[in-house]
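Listed below, chain by chain, are the residues.
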Amino acid sequence: MTQPNRVRAQKKLSTIEGGKDLDPSTESQPQSQPQSQPHLQLPTPPSSSTPTPSSSSSSSTQTQTQTQTLTPTRKQKRRALLAESLALSLHNSSFPIPAPESDVPSSPTILISPHHLTPPTFNLPPTMSTPTRLLICSIGNPAPYTNTLHSAGHTILSLLAPSLSNPPFQKSRSYGNGLLSPGSTYTLWKSSSLMNVSGVGVTSAWTSFQRESSSAECKLVVIHDELELPAGRINVKPGSNSPKGHNGLKSIRDTLRGQPYTRIGIGIGRPESRDAGVVANYVLRKMSAEEKRKIEGCVGKVLEELARLSGE
């Protein structure tokens, strides 16, 4: 059956079933379709493959900035070299390096930064001042009265020479014809005259000693016997004190004419009588063994006083 015949047959069938005929006007009208909305075409964005002039210039500027940033300056190179050198020195230093962690407990390791190290301090020895030179003179009587109580000063001076490592005594004309034992700090001198006129020799020796020690400080010390002290004791007084009847000290006072000096008295004791004859016989007699032992025992005390006077 052809297409037109099939359409007509369907129409007849629908008329018979529905009781009415189809509207012939609707046969030939095709079914209307809804109208579509007009399509709006948006502008296509420019392709990335064709850069604009502005984007090209900005990208070149960024490239130059990155190149400048990546290129280190001379100052940055020095800093990097200094940091590398510091790291290498710390690695080779003796500072403790912490051990890797482990389950076994260990004593804590203290790391010390070199920036917190306290600079070492050095205890310098105190400046030593030059000791004062001393001319130590003993007064007494020559032989045969050298071992008497009145010559106790000579006894002490003879013991001082080996204690001070001084050379043996020798006669010196420039030092008032006395016996001289020179030393760097302590110079010993024995009077060779009688006690009552010993001031002349002491003054001559003191003048020569001062001339030789012109660039250094020096002092004069006189060692003599002392009646007012018991044997074995000493006293230290300025030379300006009263001689109290000691003829040797009177002679020194008269010849020095006020020049300062220090005197060290060696105790010999005194007799009960104060008669001049009794006292003269007492000081001119030979000292006993007990008296000599006590007098010689004063050497240590005299050495202490000499060290104090010289400043050693």
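Just above sits the structure.
Scope of this entry: the structure provided in the associated data block. Source: prediction; values computed, not measured. Sequence order as written defines the numbering, with residues in each chain counted from 1. Local features in this predicted model are restricted to residues of pLDDT 70 or higher, and side-chain atom pairs are both shown and tallied only at a pLDDT of 80 or more, whereas totals for entire chains, interfaces and linings draw on every residue. Side-chain metrics in this entry use all non-hydrogen atoms of the structure; hydrogen atoms and water are not considered.

### Quick word on the overall build of the protein
Part 1: The helix and strand labels rest on DSSP assignments: H or I over at least four residues marks a helix, E over at least two residues marks a strand, and numbering proceeds from the N terminus. Within the protein, the secondary structure is distributed over nine helices and seven strands.
Part 2: Only protein chains enter the accessibility calculation, which uses a 1.4 Å probe; a residue is then buried when its area is under 20% of its type maximum, exposed when over 50%, and partly exposed in between. Split into buried and exposed, the 312 residues of the protein put 29% on the buried side.
Part 3: For this analysis, residues touch if any pair of their heavy atoms sits within 4.5 Å. Across the protein, the fraction of contacts at a sequence separation of at least 24, relative to all contacts at a separation of at least 6, is 69%.

### Some thoughts on the pairing of strand β7 (residues 262-267)
Part 1: Where burial is concerned, most of β7 is hidden: six out of the six residues are buried.
Part 2: Neither face of β7 is left uncovered, since the one carrying T262, I264 and I266 and the one carrying R263, G265 and G267 both have all their residues buried.
Part 3: We call two strands paired when DSSP finds no fewer than two bridges between them. Here five bridges tie strand β6 (residues 234-238) to β7, and the two strands are oriented antiparallel to one another. What sits directly across from I234, in β7, is I266.

### Thoughts on the pattern of salt bridges
Opposite charge on two side chains permits pairing when their charged atoms draw close.
Part 1: Any carboxyl oxygen of Asp or Glu that lies within 4 Å of a side-chain nitrogen of Lys or Arg is treated as forming a salt bridge with it. The final tally for this structure, using the stated rule, is five salt bridges.
Part 2: Here E228 and R270 are joined by a salt bridge, their closest N and O atoms 2.7 Å apart. Placement of the pair is E228 in the loop between β5 (218-226) and β6 and R270 in the loop between β7 and α7 (276-284), with a sequence separation of 42 residues.
Part 3: Judged by its relative accessible area of 45%, E228 falls in the partly exposed class.

### Quick look at the nonpolar core
Part 1: Counting 25 residues, the largest nonpolar core has I136, I156, L160, I223, I266, V302 and L306 as the members making the most contacts within it.
Part 2: Looking at this core, the elements that each hand over two or more residues are β1 (133-138), α4 (152-163), β4 (186-190), β5, β7, α7 and α9 (299-310).
Part 3: For this core, the element with the most residues is α4, which contributes five residues.
Part 4: One finds C137, Y175, V202 and Y261 within the second-largest nonpolar core, a separate group that totals 18 residues. Within this scheme, the nonpolar core is defined by two criteria: the residues are buried Ala, Val, Leu, Ile, Met, Phe, Trp, Tyr or Cys, and they are joined through side-chain atoms within 4.5 Å.

### Things to note about the packing of helix α5 (residues 198-212) against helix α6 (residues 247-256)
Part 1: Running from N to C, α5 and α6 point in directions that differ by 50 degrees, and their axes come no closer than 7 Å. Taken together, the axes of α5 and α6 are oblique relative to one another. Crossing of α5 over α6 shows right-handed handedness. Residues S198, G199, V200, V202, T203 and W206 of α5 touch α6, and the partners they reach there are G248, S251, I252, T255 and L256.
Part 2: Residues are grouped as follows: Ala, Val, Leu, Ile, Met, Phe, Trp, Tyr, Cys and Pro are nonpolar; Asp, Glu, Lys and Arg are charged; all remaining types, including Gly, are polar. Partitioned by chemical class, the residues of the contact of α5 with α6 number five nonpolar, six polar and no charged. A fitted line through C-alpha atoms serves as each axis, taken over the contacting stretch for helices, and the angle formed by two N-to-C directions is quoted from 0 to 180°. Angles below 35 degrees are treated as roughly parallel, those above 145 as roughly antiparallel, those between 65 and 115 as roughly perpendicular, and all remaining angles as oblique. It is the rotation of the near helix from the far one that decides the hand of a crossing: anticlockwise by less than a right angle makes it left-handed, clockwise makes it right-handed.

### Re the sheet that holds β5
Part 1: Spatial strand order, β2-β3-β4-β1-β5-β7-β6: seven strands in an open sheet with mixed pairing. Edge positions in the sheet fall to β2 (170-172) and β6, since each of these pairs with one other strand and no more. Each strand of the sheet is rotated relative to its neighbour by a mean of 30 degrees, with strand direction disregarded.
Part 2: Alignment of strand β3 (residues 178-181) against β4, held across three bridges, turns out to be antiparallel. Across the sheet, residue L179 finds its bridge partner in β4, namely K190.
Part 3: Here α4 sits on the sheet and contacts β1, β4, β5 and β7; the angle it forms with β4, its principal contact strand, is near 140 degrees.

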